[in-house]
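Close look at the chain arrangement
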Amino acid sequence: MPVSAAAVGSVSAFLSRFLSSESAAVANSQPSLSLSRSSSGRRQPALGAPKVSISSGSNTKTDGVVDQSSLSPDEIKQSRRSADWKAARAYNEKGLIYDGRIEGFNGGGLLIRFHSLLGFLPFPQLSPSHYCKAPHKTVQEIARDLTGSIVSVKVIQADEENRKLIFSEKEAVWSNFSDQLNVGDIFEAKVGSVEDYGAFVHLLFPDGNFHLTGLVHVSEVSWDLVHDVRDILTEGDDVRVKIINIDREKSRITLSIKQLEEDPLLETLDKVIPQDSSLDSDTLKASSHFTLEPLPGLGTIIEELLQEDGINSVKITRQGFEKRVVSQDLQLWLSNAPPTGNMYTLLARAGRQVQEIQLTTSLDQDGIKKALQRVLERVP
């Protein structure tokens with residue numbers, strides 16, 4: 001049975017005080033002091049510290065250990081609770097997983113048994129698997145079904161002074177399943193909550209459970225400019241997502257939906273540029289009558305490209321205006337369209353405006369990509 005440090009006295013300190021203060025011993029009932037001896041009356045050879053027993057009042061100590069029979073039930077209970085708080089702090093500091101029994105619930109979460117203590121698991125710290133298994137149940141109904149079961153959790157707060165013992169099932173699940181994730185992995189998933197800045201999506205693992213949750217930022221929902229995520233995604237929707245970033249220190253996963261879809265401009269500009277000879281107010285072709293001004297920032301990139309070995313000429317040939325805005329920032333791609341002789345096609349986009357660029361070069365496709373990478377590293 002664990003005992004508190006306050007309940008364990010120091011025998012040597014007590015003897016020092018006793019021997020140096022006879023008047024105090026007379027004023028109070030004098031404790032009895034006995035040293036173990038052999039039956040012949042001779043003192044036994046000292047193999048260590050002599051066994052000492054001291055009795056004074058109602059408490060009895062033997063070899064510096066509290067006689068539990070001398071403690072009241074409240075003292076024993078407090079001693080046990082202090083030891084359990086110490087254990088809870090150790091679980092928190094070391095990030096250990098604890099299997100605790102759910103004793104009940106209230107309006108904010110579940111009550112978890114931790115030895116003699118009762119801790120709290122807030123509903124937002126539950127694993128998403130519970131919600132995905134029973135999407136039509138309220139959180140209170142889910143909590144009622146979980147009462148009496150064992151759940152793996154981590155201690156995320158152990159404050160004995162303020163009596164706060166807080167658990168997280170999400171943190172325990174992260175420890176168990178995050179090692180299975182890699183950037184580039186594709187998951188079947190279910191949309192959870194939808195916010196202005198994006199949607200939280202639960203990832204489906206091979207065991208059939210939705211263990212971890214990631215964020216699809218509004219910019220990764222669609223190639224189209226998204227004004228309201230709720231126009232595209234609704235809670236409960238089944239989607240496919242790609243992992244584009246994992247922050248293991250902060251237990252965060254960044255996901256993308258649009259990167260599993262082909263950007264409509266990665267091939268050619270034909271989807272926004274009419275292929276007949278007619279022109280309208282939104283579409284232009286380069287000719288002797290028109291000089292196309294490069295998009296902001298593109299002129300510097302063209303100048304740098306001309307400094308690369310193997311690139312002979314760079315010319316803007318066509319431009320068009322989309323009905324949508326994907327990004328206001330300048331974006332540049334090497335088209336997948338087959339080259340014509342030694343001419344390759346680049347595509348540049350900013351806002352609604354798109355420009356097609358003809359690149360005359362002796363480089364192959366990989367060589368062009370490396371040249372573009374070097375240029376983009378030089379251009380701020």
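Each chain carries its own residue numbering, running from 1 in the written order of its sequence. Given that this is a predicted model, residues contribute local features only at a pLDDT of at least 70 and side-chain atom pairs are listed and counted only at 80 or more, while totals for whole chains, interfaces and linings are drawn from all residues. Only heavy atoms go into the side-chain values, all of them from the structure, while hydrogens and water stay out.

With that settled, consider the overall build of the chain. In terms of regular secondary structure, the chain is built from 8 helices and 19 strands. In the chain, which comprises 380 residues, the share counted as buried stands at 36%. Surface exposure here means Shrake-Rupley accessible area, sampled with a 1.4 Å probe, where a residue is shielded only by the protein chains that are shown. As presented, the chain carries roughly 22300 Å² of accessible surface, and 50% of it is formed by carbon and sulfur atoms. Numbering of helices and strands runs from the N terminus, with a helix taken as a DSSP run of H or I at least four residues long and a strand as a DSSP run of E at least two residues long. Summary of the burial criterion: residues with accessible area below 20% of their type's maximum are buried, those above 50% are exposed, and those between are partly exposed, where the area comes from a 1.4 Å probe applied to protein chains only.

So, about the pattern of salt bridges. Between Lys or Arg on one side and Asp or Glu on the other, a salt bridge is scored when a side-chain nitrogen of the former is within 4 Å of a carboxyl oxygen of the latter. Enumeration over the complete set of coordinates arrives at 12 salt bridges. In this structure, the salt-bridge partner of D145 is K137, at a minimum N-O distance of 2.6 Å. In this structure, E304 engages R378 in a salt bridge whose closest nitrogen and oxygen atoms are separated by 3.0 Å. Remark: R378 occurs in helix α8 (residues 365–378) and E304 occurs in helix α7 (residues 298–305); sequence separation between them is 74 residues. Overall, the relative accessible area of 41% leaves R378 in the partly exposed class. Residues joined in a network through salt bridges with shared partners are E304, E308, R374 and R378.

Time to look at the nonpolar core. Core analysis: the biggest nonpolar cluster contains 26 residues, and L181, V201, L203 and V241 have the highest contact counts within it. Of all the secondary structure elements, the ones that give two or more residues to this core are α6 (169–177), β10 (186–195), β11 (198–204), β12 (210–217), β13 (238–247) and β14 (252–256). Look past the residues within four positions of L181 in its chain and what remains in contact with it is F187, L203, F205, L212, I243, I246, R248 and I253. Counting 22 residues, the second largest nonpolar core, distinct from the first, contains L295, L298, I316 and I368. Residues grouped as a nonpolar core are buried Ala, Val, Leu, Ile, Met, Phe, Trp, Tyr and Cys residues, joined through side-chain atoms within 4.5 Å. Note on contacts: a residue pair is in contact if any heavy atoms of the two residues lie within 4.5 Å.

To continue, consider the pairing of β12. Here β11 runs beside β12; their pairing, made up of 7 bridges, is antiparallel. Along β12, the bridge assignment pairs V201 with G214. Being paired, for any two strands, means DSSP has found at least two bridges between them. Connecting the antiparallel pair β11 and β12 is a turn made up of 5 residues, with G208 showing a positive phi of about 90°. In the sheet, β12 pairs with β14 via 2 bridges, with the strands oriented parallel. Bridging from a neighbouring strand, V216 pairs with L255 of β14.

Reading around the circumference, β10-β11-β12-β14-β13 is the order of the 5 strands in this closed barrel, with mixed pairing throughout. In this sheet, neighbouring strand axes are inclined to one another by 55° on average, regardless of whether the strands run parallel or antiparallel. Two elements, β10 and β13, share 5 bridges in a ladder whose sense is antiparallel. Residue pairing for β13: A189 is matched across the bridge by V239. To get an axis, a line is fitted to the C-alpha atoms, and for a helix only the part in contact is used. The angle between two axes follows their N-to-C directions and goes from 0 to 180 degrees.

This brings us to the packing of α7 against α8. Between two packed helices, both the angle of their axes relative to each other and the distance between the axes serve to describe the pair. For the pair α7 and α8, interaxial distance at closest approach is 10 Å and the crossing angle is 125°. When the axes of α7 and α8 are compared, the pair comes out oblique. Helix-helix and strand crossings are classified by hand; for α7 and α8 the assignment is right-handed. Every residue of α8 that contacts α7 at I301, E304 and L305 is listed here: L372, V375, L376 and R378. Class assignment for the residues of the contact of α7 with α8 results in 5 nonpolar, no polar and 2 charged. An angle below 35 degrees is read as roughly parallel, one above 145 as roughly antiparallel, one from 65 to 115 as roughly perpendicular, and any other as oblique. Less than a right angle of anticlockwise turn of the near helix away from the far helix marks a crossing as left-handed, whereas a clockwise turn marks it as right-handed. Here the term charged refers only to Asp, Glu, Lys and Arg, the term nonpolar to Ala, Val, Leu, Ile, Met, Phe, Trp, Tyr, Cys and Pro, and the term polar to all other amino acids, Gly among them.

This part takes up the packing of aromatic side chains. Only Phe, Tyr and Trp rings take part, Trp by its six-membered ring, and two of them pair if their centres are within 6.5 Å. Stacked means planes under 30 degrees apart, edge-to-face means over 60, and tilted covers everything else. This model, assessed by the stated rule, comprises 7 aromatic pairs. Between Y91 and Y98, the ring centres sit 5.6 Å apart and the planes meet at 85°, which makes this aromatic pair edge-to-face. On the basis of relative accessibility, which here comes to 21%, the residue Y91 falls in the partly exposed class. Pairing F187 with F205 gives two aromatic rings, centres 5.4 Å apart and planes at 55°, and the pair type is tilted. Of this pair, F187 sits in strand β10 while F205 sits in the loop between β11 and β12; the two residues are 18 residues apart in sequence, bridging distant segments of the chain. An aromatic cluster of at least three residues, connected via ring pairs, comprises Y91, Y98, F114 and F167.

On to unusual backbone geometry, then. Positive phi outside glycine occurs at R163, with the angle close to 55°. Checked against the element boundaries, R163 lands in the loop between β8 (150–159) and β9 (164–168).

If you trace the backbone, H202 turns up in strand β11. A residue is classified by how much of its surface remains accessible, and H202, at 14% relative accessible area, is buried. In this structure the side chain of H202 is engaged in a polar contact, spanning 2.8 Å, whose partner is the side chain of T213. Residues within four places of H202 in sequence aside, it is in contact with P128, C132, E188, A189, K190, G192, F210, L212 and T213. Pairs of N or O atoms are called polar contacts if they sit within 3.5 Å, as long as, within protein, a hydrogen donor faces a hydrogen acceptor (for residues adjacent in sequence, only side-chain-to-side-chain pairs).

Taken as a whole, the chain shows an average pLDDT of 79; of its residues, 74% reach a score of 70 or greater. When the criterion is pLDDT under 50, residues 276–282 qualifies, and its contacts beyond four places in sequence or with other chains add up to 6 contacts. For the stretch residues 284–288, pLDDT sits under 50, and the model shows 14 contacts to residues farther than four places along the chain or on other chains. Per residue, pLDDT measures the predictor's confidence, with a range of 0 to 100.

Our next topic: α7. Along an α-helix, residues three or four apart share an orientation, since each turn contains 3.6 residues. Along α7, the positions that sit buried rather than exposed are L298, I301, I302 and L305. When α7 is viewed along its axis, its buried side chains cluster within an angular range of 100° and face the same direction. Buried residues in α7 make contact with β16 (311–321), β17 (331–334), β18 (343–350), β19 (353–361) and α8. The arc under discussion is defined with respect to the helix axis, by the directions toward the C-beta atoms.

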